[in-house]
Amino acid sequence: MTTSLITGANKGIGFETARQLVAAGHTVWLGSRDPERGRAAARELGARALVIDVTDDASVAAAVRTVEEAGTGLDVLVNNAGIEPRGEDGGPLPALDATADRLRTVFETNVLGPLRVTQAFLPLLRGSDSAAVINLSSGLGSLAGGGGSPYGYPSIEYPVSKTALNMLTVKLAAALPGIRVTAVDPGFTKTDLNRHAGTQTLEEGAAASVREALAGNEGETGTFVSAAGPVPW
Ligand SMILES: NC(=O)c1ccc[n+]([C@@H]2O[C@H](COP(=O)([O-])OP(=O)(O)OC[C@H]3O[C@@H](n4cnc5c(N)ncnc54)[C@H](OP(=O)(O)O)[C@@H]3O)[C@@H](O)[C@H]2O)c1
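Residues numbered from 1 in each chain as written. Predicted model: local features only at pLDDT ≥ 70, side-chain atom pairs only at ≥ 80, totals over all residues. Heavy atoms only, no water.

**Q** I'm lost on the overall build of the protein in this one. Help?
**A** A count of helical and extended segments in the protein gives seven helices and eight strands. Taking 17 Å as the expected radius of gyration for a compact globule of 233 residues, we find that the protein reaches 16 Å, a close match to that expectation. With 233 residues in all, the protein has 50% of them scored as buried. The long-range share in the protein, meaning contacts at least 24 apart out of those at least 6 apart in sequence, stands at 68%. When the 19 positive and 25 negative side-chain charges of the protein are each reduced to one mean point, those points stand 1 Å apart. (Helix = DSSP H or I, 4+ residues; strand = E, 2+ residues; numbered from the N terminus. Rg over C-alpha atoms; globule rule 2.2 N^0.38 Å. Buried < 20%, exposed > 50% of the residue type's maximum accessible area, 1.4 Å probe, protein only. Contact = heavy atoms within 4.5 Å. Lys, Arg positive; Asp, Glu negative; His and termini not counted. Charge placed at Lys NZ, Arg CZ, Asp CG, Glu CD.)

**Q** For this particular structure, what's the right way to read the environment of Val76?
**A** For Val76, the position within the fold is in strand β4 (residues 76-79). Under the relative-accessibility criterion, Val76 is labelled buried at 1%. C-alpha separation for the pair Val76 and Gly198, spaced 122 residues apart in sequence, amounts to 27 Å. Residues in contact with Val76, not counting those within four places in the same chain, are Thr2, Thr3, Ser4, Leu5, Leu125, Ala132, Ile134 and Ala213.

**Q** Where do I start with the packing of helix α1 (residues 12-23) against helix α2 (residues 35-45) in this structure?
**A** Across the interface, α1 lies against α2 with an axial gap of 10 Å and an inter-helix angle of 35°. Handedness of the α1/α2 crossing: right-handed. Residue-level contacts link Phe15, Ala18, Arg19 and Val22 of α1 to Ala41, Glu44 and Leu45 of α2. (Axes fitted to C-alpha atoms, helices over the stretch in contact; angles between N-to-C directions. Left-handed = near helix turned anticlockwise from the far one by under 90°.)

**Q** What should I look at first to understand the environment of Leu202 in this one?
**A** Mapped onto the fold, Leu202 is located in helix α7 (residues 202-215). Residues Leu202 and Glu16, spaced 186 residues apart in sequence, show a C-alpha to C-alpha distance of 6.3 Å. Each residue touching Leu202, except ones within four places of it in the same chain, is listed here: Gly12, Ile13, Glu16, Thr189, Lys190 and Thr191.

**Q** Just checking my understanding: could you explain α1 for this structure?
**A** In an α-helix, one turn spans 3.6 residues; hence positions three or four apart end up facing the same way. If you check α1, its first and last C-alpha atoms are 17 Å apart, about what twelve residues at 1.5 Å a residue would give, namely 16 Å. If you check which residues of α1 are buried, you get Gly12, Ile13, Gly14, Phe15, Glu16, Thr17, Ala18 and Leu21. Where α1 is buried, its residues touch β1 (3-6), β2 (27-32), α2, β5 (132-136) and α7. One or two positions beyond α1, positive phi appears at Gly25, with a value near 100°. (Expected span 1.5 Å × (residues − 1).)

**Q** Before we go on, may I ask you to explain the site of the ligand in this structure?
**A** In the vicinity of the ligand there are 29 residues, among which Asn10, Arg33, Tyr158, Thr189 and Thr191 approach most closely. Contact between the ligand and Gly8: an oxygen atom at 3.1 Å from a main-chain N or O atom of the residue. Within the contact set of the ligand, an oxygen atom lies 2.6 Å away from a side-chain nitrogen or oxygen of Tyr158. Burial of the ligand by the protein amounts to 94% of the accessible area it has alone, namely 910 Å². Each residue belonging to the shell around the ligand can be placed in one class, and the counts come to ten nonpolar, 13 polar and six charged. (Near = heavy atom within 4 Å. Polar contact = N/O pair within 3.5 Å; in protein donor to acceptor, adjacent residues only side chain to side chain. Areas by Shrake-Rupley, 256 points an atom, 1.4 Å probe, with all protein chains shown as cover. Nonpolar A, V, L, I, M, F, W, Y, C, P; charged D, E, K, R; others polar.)

**Q** It is not clear to me how the packing of helix α4 (residues 100-110) against helix α6 (residues 157-175) should be interpreted in this structure. Could you clarify?
**A** Close contact between α4 and α6 brings their axes to 9 Å; oriented N to C, the two are set at 40°. Between α4 and α6, the interaxial angle falls into the category oblique. Note on packing geometry: the crossing formed by α4 with α6 is right-handed. From α4, Arg102, Leu103, Val106, Phe107 and Asn110 reach across to α6, where they touch Glu157, Tyr158, Val160, Ser161, Lys162, Ala164 and Leu165. Split by residue class, the contact of α4 with α6 holds seven nonpolar, two polar and three charged. (Parallel < 35°, antiparallel > 145°, perpendicular 65-115°, else oblique.)

Shape descriptors only; they carry no functional weight alone.
Rendered as structure tokens:
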């Protein structure tokens, strides 16, 4: 039996990923920073609710204890939780409106979150014979402009955080030879993150995460992929 944990899975791409992994027979820990929203989502899917705020060391440590005490082990960690600051009109913020405080807040969730959660769950992942870590990146983090030109989207905070997450993926892949570590670009998907401006369905947005989760540690490590194949760094 394969066990997966998805952070930020009470809605959006994470919720759909959890739905499909439950359907594929995984034991799924559905991560949510809000206990009630997490319980409701887990109940709907037949997953196990796990309270986890990826910006909070104590919350992450408590989540590790919960999984350890349940005895499910952990094979696949999907670092899905992410935030994207937007303007009052719902559009991206102008580049020169970037602030150090906002960059710090975005990094805390989108970069330090995956690092913190991966490090905390490593002892459990090391107990798996098919361990994988999947980091939800974005084509907007591609220096080469995966899925479009890097100049097309003005904001600084979110793309810079995803570029950093890509490098974190490469560094973790090199440091963890027994564990496959992948960065995934889900594509522009209709969720609360972009005020539902996305053009893909949730099923399409979850496709790459689900494929990588089902692959376990089979295949190349340290890659950046979408549902269509490799994404340029
Ligand atoms: N949608 C797209 O077009 C798109 C494109 C490229 C990449 N992505 C990436 O895909 C991932 C999922 O995005 P989405 O579109 O599904 O967004 P979403 O619908 O806004 O969902 C984001 C999830 O992350 C959770 N979250 C935020 N901060 C958290 C924290 N500190 N601790 C734990 N959970 C936290 C949210 O919880 P709450 O409900 O409590 O806020 C929510 O469950 C993100 O990493 C995003 O950057 C999305």
